[in-house]
Amino acid sequence: MKMKKRQKIPTLPSTVTELDTEDGSKVYVVGTAHFSDSSKKDVVKTIQEVQPDVVVVELCQYRVSMLKMDEKTLLKEAKEINLEKLQQAIKQNGVMSGLMQMLLLKVSAHITEQLGMAPGGEFREAFKEASKVPFCKFHLGDRPIPVTFKRAIAALSFWQKVKLAWGLCFLSDPISKDDVEKCKQKDLLEQMMAEMIGEFPDLHRTIVSERDIYLTYMLKQAAKQIELPRASETEPRQYIPSVVVGVVGMGHVPGIEKNWNSDLNIQEIMSVPPPSASSKIFRFVIKATVFGLMGYGCYRIGQRTVQFILSMPAAQSYLQKLTEIRSRH
């Protein structure tokens, strides 16, 4: 059924890049804007046309929950960045990486608030469409986000960390839906990040270039030939080329094309370097600031709580009775 539906010459959107492997497998990379209705349609169209054996998306296991959440819930989650989420991010990834994650979420939340649209719609569409294709596998193709953040933090000096955090904290430029569609040649979220990290080449390397390599590696792994079923163990093994659809941010497509014919080793870009002296200083400053704010908050809350309790009639009555008892003795 899949082979019958699969078009010999598929009609594909202009955002699709076709790549071939040495053994004849085909990979169709859909370059998307993460906040775009048009990108969702491109993903659906591509999967329907080529009927892939594997669909690979630019997500890791730490972000897979967005595939099964509805748009309304995701919109609410993206807008609500609070202390609880910060504590969870720090607990999961460490102080520096947790703060970096929350700052990047703030960028995403800013776009979400401006557009009223939750991120990752193209990945959810890919997940839905892949489930409709017989025997189609669904792979997560992005490097684990804690690794990316830890490597990104390690690449920055103390003052670069401060400067980047400052820029992310005070992001407020308005964005329209037209801006998103205009940015389909370079994904909006990644373009905003590129503008902010442009002066930090090492940061660009860890957040963009290294992930280009990782995504390329995962796409090539997914595109390995498929072994056909055998009637008996004595029959010779037979293989056929596979068809893969990759769904990635438009900003990663040039890097994937550049790395496609290279021998890739991802061991180096999966290692996490030990924290530098500047990282330890920055971590100490952040911890001192957080605990200082928490301590001051507890003090203020405690002071107000005591004042509130003492102002209650029941408390005043109780205190009056204690005073009377003390005066008798």
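Shown above is the structure to which this text applies.
Now for a description of the structure that goes with this document.

Conventions we followed
- Residues numbered from 1 in each chain as written.
- Predicted model: local features only at pLDDT ≥ 70, side-chain atom pairs only at ≥ 80, totals over all residues.
- Heavy atoms only, no water.
- Pairing = 2+ DSSP bridges.
- Helix = DSSP H or I, 4+ residues; strand = E, 2+ residues; numbered from the N terminus.
- Axes fitted to C-alpha atoms, helices over the stretch in contact; angles between N-to-C directions.
- Left-handed = near helix turned anticlockwise from the far one by under 90°.
- Contact = heavy atoms within 4.5 Å.
- Nonpolar A, V, L, I, M, F, W, Y, C, P; charged D, E, K, R; others polar.
- Phe/Tyr/Trp six-rings, centres within 6.5 Å; stacked < 30°, edge-to-face > 60°.
- Buried < 20%, exposed > 50% of the residue type's maximum accessible area, 1.4 Å probe, protein only.

When strand β1 (residues 16–20) meets strand β2 (residues 26–32), the two strands line up antiparallel, connected through five bridges. Counterpart to Asp 20 in the pairing with β2 is Lys 26. Counted between consecutive antiparallel strands, the loop separating β1 from β2 contains five residues, among which Gly 24 sits at a positive phi close to 95 degrees.

A few words on the packing of helix α7 (residues 145–154) against helix α11 (residues 201–222). What describes two packed helices is the angle between their axes and the distance between those same axes. The N-to-C vectors of α7 and α11 enclose an angle of 150 degrees; their axes lie 7 Å apart at closest approach. Here the hand of the crossing between α7 and α11 comes out right-handed. Across the interface between the two elements, Thr 148, Arg 151 and Ala 152 of α7 pack against Leu 203, Arg 205, Thr 206, Ile 207, Glu 210 and Arg 211 of α11. Classifying every residue of the contact of α7 with α11 gives three nonpolar, two polar and four charged.

Before going further, it helps to spend a moment on the packing of aromatic side chains. Following the criterion strictly, the structure yields one aromatic pair and no others. Ring geometry for Phe 127 versus Phe 138: centroids 5.1 Å apart, planes at 80 degrees, classification edge-to-face. In this pair, Phe 127 sits in helix α6 (residues 121–132) while Phe 138 sits in strand β4 (residues 137–140), placing the two residues 11 residues apart along the sequence. Of the residues examined, Phe 127 reaches a relative accessible area of 29% and is grouped as partly exposed.

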